[in-house]
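# Analysis of the macromolecular model
If you want the building blocks of each chain, they are given just below.
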Amino acid sequence: MFCYQCEQTAGLTGCQGKTGVCGKSAEIADLQDELTGAIISNADRLTNKQIIGGLFTTLTNVNFDAETINRQISSIIDGDKSYASVVNRIWQANEDVRSLKSLILFGLRGIAAYAHHALVLGYQSEGLTEFFPKALKAIGNEELTVNDLLPLTLEVGAENLKCMELLDRANTETFGCPHPATVTQTIDAGPFIVVSGHDLNDLKLLLEQTQDQDVSIYTHGEMLPAHGYPEFRKYPHLKGNFGTAWQNQQKEFAEVPGAFLFTTNCLMPPKETYSDRVFTTAQVGYSNLVHIDENKDFSPVIGKAKKLGGYAQSHTILGINGGTKVMTGFGHGTVLSIAGKVIEAVKSGAIKHFFLVGGCDGARAGRNYFTDFVKKTPVDTVILTLACGKFRFNDLDLGNIGGIPRLLDMGQCNDAYSAIKVAVALAEAFGCGVNDLPLSLVLSWYEQKAVCILLTLLHLGIRNIKLGPTLPAFVSQGVLKVLVNNFAIAPITTPEQDLKEILS
Ligand code: SF4
Ligand code: SF3
């Protein structure tokens with residue numbers, strides 16, 4: 001196996017040998033390469049749904065099940081196993097070509113996840129029907145040079161922006177515009193199900209199927225922002241949020257008397273202490289776990305929750321900083337509705353700076369940077385956040401500035417679209433470019449959705465992004481030079497030094 005698509009890759013260079021750091025075995029990694037090769041080689045004749053499903057399956061912490069991946073490969077090809085070599089040839093290409101093709105491929109995997117969520121709500125992107133085959137064929141084309149691939153890399157960012165916009169429309173038209181919500185981290189007594197991942201449609205279906213069943217529903221990780229949507233607030237049995245970010249699941253799920261449903265990443269190999277109560281659906285899979293198929297009959301999950309019975313008394317899982325509740329629901333609708341107030345606060349000097357501290361979480365020790373950074377931001381600054389990295393600090397009470405909370409959770413990683421909309425609106429109001437705003441981006445990355453979002457920000461010409469906890473292993477020195485020269489992207493250093501530089 002060879003895999004270097006995520007931040008926790010072995011030795012900051014690549015996972016090789018028998019197992020990846022994420023728990024993906026060599027067998028699964030090779031099958032995922034084979035699936036990717038099959039998609040690349042057949043890009044022209046596959047349906048959008050096949051491409052989306054296939055690419056999404058290969059995203060980090062989504063699918064560890066050989067049977068599902070083999071089934072997907074068979075649905076694309078007919079027994080010909082030579083397709084795996086397509087991907088091997090990419091890994092063996094010249095360093096900068098390999099780097100750009102990796103950025104393109106991983107970016108496409110991220111887009112596929114967002115396209116999937118939009119698709120299940122009935123929103124299809126026409127643009128992607130053309131772009132996926134075009135970009136996939138470029139990855140398979142061994143003639144292309146760095147100069148051919150650079151513009152395509154930024155095009156991935158442009159397509160992802162359109163895809164995030166589509167998903168935003170799908171989510172807000174289906175579930176309403178998010179409003180601020182305070183969410184408890186306390187689990188009531190009695191049977192309960194914890195829903196993890198990004199797929200709001202799965203949550204909606206589960207809420208419908210558990211009405212009047214005396215089973216409570218709690219969000220986990222990237223599902224937290226669901227509490228902001230009016231459609232979900234209608235269900236009194238959607239009670240709160242369970243636990244913190246994905247990398248703590250093996251600890252937080254142990255011996256818990258409730259059922260867990262994974263709708264997307266990040267699934268870690270389940271420990272024996274709780275594996276009997278973990279269920280998967282959609283693209284997620286793990287051998288020996290019960291998978292809920294496209295019919296979305298969640299009765300095995302509901303039955304399990306009832307059998308386990310839940311806690312005898314209410315039970316709280318404290319946030320990383322000891323908090324008992326978290327806030328969410330500050331999508332572009334809410335933030336822009338108070339735009340006048342925000343602009344006044346900037347003009348009067350009450351708000352001196354905005355930070356977007358967002359992105360993925362992960363296990364690396366260096367990620368404490370993001371908690372420390374947020375804690376050290378001056379009291380006259382506002383922090384926008386999104387994605388699962390916020391669990392490092394979203395239980396902190398940072399107070400407010402004239403009624404505007406200092407910490408605004410805009411939602412899931414795809415809600416980077418909300419942050420972009422707000423930044424563009426502020427730039428218009430101040431008659432300047434986004435790069436001239438008192439706004440700094442401090443981003444944490446882990447998996448491939450972070451890759452497509454980063455490419456979107458670069459496509460928009462956003463400069464001076466600080467990226468951590470480490471730079472991607474698949475960014476070559478040559479490509480890094482281009483990113484630094486054109487976009488002044490920089491690795492994080494220390495919270496003190498970065499804050500000093502940003503605010504000077
Ligand atoms: Fe390693 Fe990440 Fe690939 Fe898993 S997804 S094998 S941790 S690089
Ligand atoms: Fe998190 Fe896995 Fe990326 Fe959607 S849930 S952000 S890491």
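Residues numbered from 1 in each chain as written. Chains lettered and ligands numbered in written order. Predicted model: local features only at pLDDT ≥ 70, side-chain atom pairs only at ≥ 80, totals over all residues. Heavy atoms only, no water.

### Some details on the overall build of the protein
Stated precisely, the cut-off is as follows: To qualify as a helix, a DSSP run of H or I must reach at least 4 residues; to qualify as a strand, a run of E must reach at least 2; elements of each kind are numbered from the N terminus. The atom set for the radius of gyration is the C-alpha atoms, and the globule formula is 2.2 Å times the number of residues raised to the power 0.38. Accessible area is worked out with a 1.4 Å probe on protein chains only. A residue is then buried under 20% of its type maximum, exposed over 50%, and partly exposed in between. Two residues form a contact once any of their heavy atoms are found within 4.5 Å. Accessibility throughout is a Shrake-Rupley quantity obtained with a 1.4 Å probe, and a residue counts as covered only by protein chains that appear here.
Across its full length, the protein carries 18 helices and 22 strands. In terms of C-alpha radius of gyration, the protein reaches 22 Å, essentially the compact-globule figure of 23 Å for 504 residues. With the C-alpha coordinates aligned to their principal axes, the bounding extent of the protein is approximately 65 × 60 × 40 Å. Taking all 504 residues of the protein together, the buried fraction comes to 62%. A fraction of 74% describes how many contacts in the protein between residues 6 or more apart in sequence connect residues 24 or more apart. Element-wise, carbon and sulfur atoms account for 51% of the exposed surface of the protein, whose accessible area totals about 18800 Å².

### Here's the deal with the pairing of strand β6 (residues 192-196)
Quick reminder of the rule: Two strands are counted as paired when DSSP detects at least two bridges linking them. A right-handed crossover is one whose linking path, passing over the helix from the first strand to the second, runs clockwise when the strands point away from the viewer.
Along β6, five of the five residues are buried, which leaves the element largely enclosed by surrounding structure. Relative to strand β7 (residues 216-219), β6 runs parallel, the two being bridged by four bridges. Note on β7: the bridge partner recorded for Val195 is Thr219. Since β6 and β7 lie parallel, the crossover through helix α8 (residues 200-209) that links them has a hand, and here it is right-handed.

### Considering the pairing of β7
On β7, burial covers both faces: Ser216 and Tyr218 on one face and Ile217 and Thr219 on the other are all buried. Pairing of β7 with strand β8 (residues 238-241) involves three bridges; the strand directions are parallel. Residue pairing in the sheet places Thr219 in a bridge with Asn241 of β8.

### What about the packing of helix α13 (residues 339-347) against helix α15 (residues 416-430)?
Cut-off, in case you're wondering: To obtain each axis, a line is fitted to C-alpha atoms, and for helices this fit is confined to the stretch in contact; angles are then taken between N-to-C directions over 0 to 180 degrees. Roughly parallel means an angle under 35 degrees; roughly antiparallel means over 145; roughly perpendicular covers 65 to 115; every other angle is labelled oblique. Should the near helix be turned counterclockwise from the far one by less than a right angle, the crossing is left-handed, whereas a clockwise turn marks it as right-handed. Charged means Asp, Glu, Lys or Arg here, nonpolar means Ala, Val, Leu, Ile, Met, Phe, Trp, Tyr, Cys or Pro, and polar covers whatever is left, Gly included.
Between α13 and α15, the shortest axis-to-axis distance is 11 Å and the interhelical angle comes to 60 degrees. With respect to α15, the element α13 is oriented oblique. Crossing geometry of α13 relative to α15 is assigned as right-handed. In this structure, α13 uses Val342, Ile343, Val346 and Lys347 to contact α15, whose residues at the interface are Leu426, Ala429 and Phe430. Split by residue class, the contact of α13 with α15 holds six nonpolar, no polar and one charged.

### Brief notes about the sheet that holds strand β10 (residues 278-281)
Sheets are built from strands paired through backbone hydrogen bonds, the pairs being either parallel or antiparallel. Pairing is parallel in the open sheet, where six strands are placed in the order β8-β7-β6-β9-β10-β12. Each edge of the sheet is formed by a strand with only one pairing partner; in this case those strands are β8 and β12 (290-292). Recorded for the sheet is a direction-independent mean angle of 30 degrees between the axes of neighbouring strands. Pairing geometry for β10 and β12, over three bridges, is parallel. Its bridge partner being in β12, Thr281 is matched across the sheet by Ile292. Lying over the sheet, helix α11 (residues 299-308) contacts β6, β9 (259-262), β10 and β12, oriented at roughly 155 degrees with respect to β9.

### Brief notes about the nonpolar core
To keep things clear, this is the line we draw: For our purposes a nonpolar core is just a set of buried Ala, Val, Leu, Ile, Met, Phe, Trp, Tyr and Cys residues, chained together by side-chain atoms within 4.5 Å.
Core analysis: the largest hydrophobic core is formed by 143 residues, its most contacted members being Leu55, Leu108, Phe132, Leu136, Ile193, Phe232 and Ile465. In terms of residue count, helix α5 (residues 95-120) provides more of this core than any other element does, 13 residues in total. Excluding residues that lie within four positions of it along the chain, Ile193 makes contacts with Leu206, Thr210, Val215, Ser216, Ile217, Tyr218, Ala259, Val301, Ile302 and Ala305. With 17 residues, the next largest nonpolar core counts Phe64, Phe192, Tyr218 and Phe253 among its residues.

### Description of the site of ligand 1
The condition that has to hold: Each residue is tested against the molecule or strand, and it is near if at least one of its non-hydrogen atoms lies within 4 Å.
Around ligand 1 sit 13 residues in total, of which Cys3, Cys6, Cys15, Cys22 and Thr60 are the nearest. Split by residue class, the shell around ligand 1 holds seven nonpolar, five polar and one charged.

### Section: empty space enclosed by the protein
It is a probe the size of a water molecule, rolled over the atoms, that shows where empty space is left. We apply this condition: The distinction between a cavity and a pocket rests on a 1 Å grid over the protein atoms alone: a 1.4 Å probe fits inside a cavity but cannot get out, while a pocket stays open yet meets protein on both sides within 12 Å along at least five of seven lines, and a residue with an atom within 4 Å of a point counts as lining. Grid points are joined across faces, edges and corners, and a volume is the space filled by probe spheres set on the points.
Under the definition given, this model contains 11 cavities of 30 Å³ or more. Considering only enclosed or pocket space, the largest cavity measures out at about 230 Å³ in volume. When residues of the lining of the largest cavity are traced back to their parent elements, those giving at least two are β15 (353-359), α15, β20 (439-444) and α16 (448-459). Counted by class, the lining of the largest cavity contains 20 nonpolar, three polar and no charged residues.

### Structural notes on the environment of Val374
One can find Val374 in helix α14 (residues 368-376). Under the relative-accessibility criterion, Val374 is labelled buried at 0%. Between the C-alpha atom of Val374 and that of Phe393, which follows or precedes it by 19 residues, the distance is 7.2 Å. Beyond its immediate sequence surroundings of up to four residues, Val374 is in contact with Val357, Ile383, Phe393, Leu396 and Leu398.

### Description of the sheet that holds β15
The strand order across the open sheet formed by six strands is β19-β16-β15-β20-β21-β22, and the pairing between neighbours is parallel. Both edges of this open sheet fall to β19 (407-409) and β22 (490-491), since each of them pairs with a single strand only. Bridge count between β15 and strand β16 (residues 381-385): four bridges; the pairing is parallel. In the strand pairing of β16, His353 is matched with Thr381. The strands touched by α14 within the sheet are β15, β16, β20 and β21 (466-468), with β20 carrying the most contacts at an inclination of about 155 degrees.

### A closer look at the domain arrangement of the protein
What counts, and what does not: The split into domains, and so the bounds of each, comes from an automatic or database assignment of domains. Two parts placed together each lose some accessible area under a 1.4 Å probe, and adding up what both lose gives the buried area. Just to be clear on terms, a salt bridge is a Lys or Arg side-chain nitrogen sitting within 4 Å of an Asp or Glu carboxyl oxygen. Side-chain atoms alone can form a polar contact between residues adjacent in sequence; in general such a contact is a pair of N or O atoms within 3.5 Å, and within protein one must be able to donate a hydrogen while the other accepts it.
You can read the domains of the protein as domain 1 (2-175), domain 2 (181-316) and domain 3 (330-503). Placing a centre on the C-alpha atoms of domain 2 and another on those of domain 3 gives a separation of 29 Å. Between domain 2 and domain 3, the contact holds 17 residues from the first and 18 residues from the second. On the domain 2 side of the contact with domain 3, Glu222, Trp246 and Gln247 bury the most area, a combined 40% of that side's loss. Inspection of the region where domain 2 meets domain 3 yields zero salt bridges. If you look at where domain 2 meets domain 3, you find nine residue pairs in polar contact (both at pLDDT 80 or more).

### Notes on the packing of aromatic side chains
Both the distance between ring centres and the angle between the ring planes are used here to describe each pair of aromatic rings. Note the following rule: A pair of aromatic rings is counted whenever rings of Phe, Tyr or Trp (Trp by its six-membered ring) have centres within 6.5 Å, and the orientation is called stacked for planes under 30 degrees apart, edge-to-face for over 60 and tilted otherwise.
In the structure shown here, the tally under the stated rule is 24 aromatic pairs. Judged by centre distance (5.9 Å) and plane angle (65 degrees), the ring pair of Phe242 and Phe253 falls under edge-to-face. Separated by 11 residues along the polypeptide, Phe242 in the loop between β8 and α10 (249-252) and Phe253 in the loop between α10 and β9 bring together distant segments of the chain. Since its relative accessible area comes to 0%, Phe253 is described here as buried. Pairwise contacts between aromatic rings join Phe192, Tyr218, Phe242, Phe253, Phe260, Phe262, Tyr274 and Tyr311 into one cluster.

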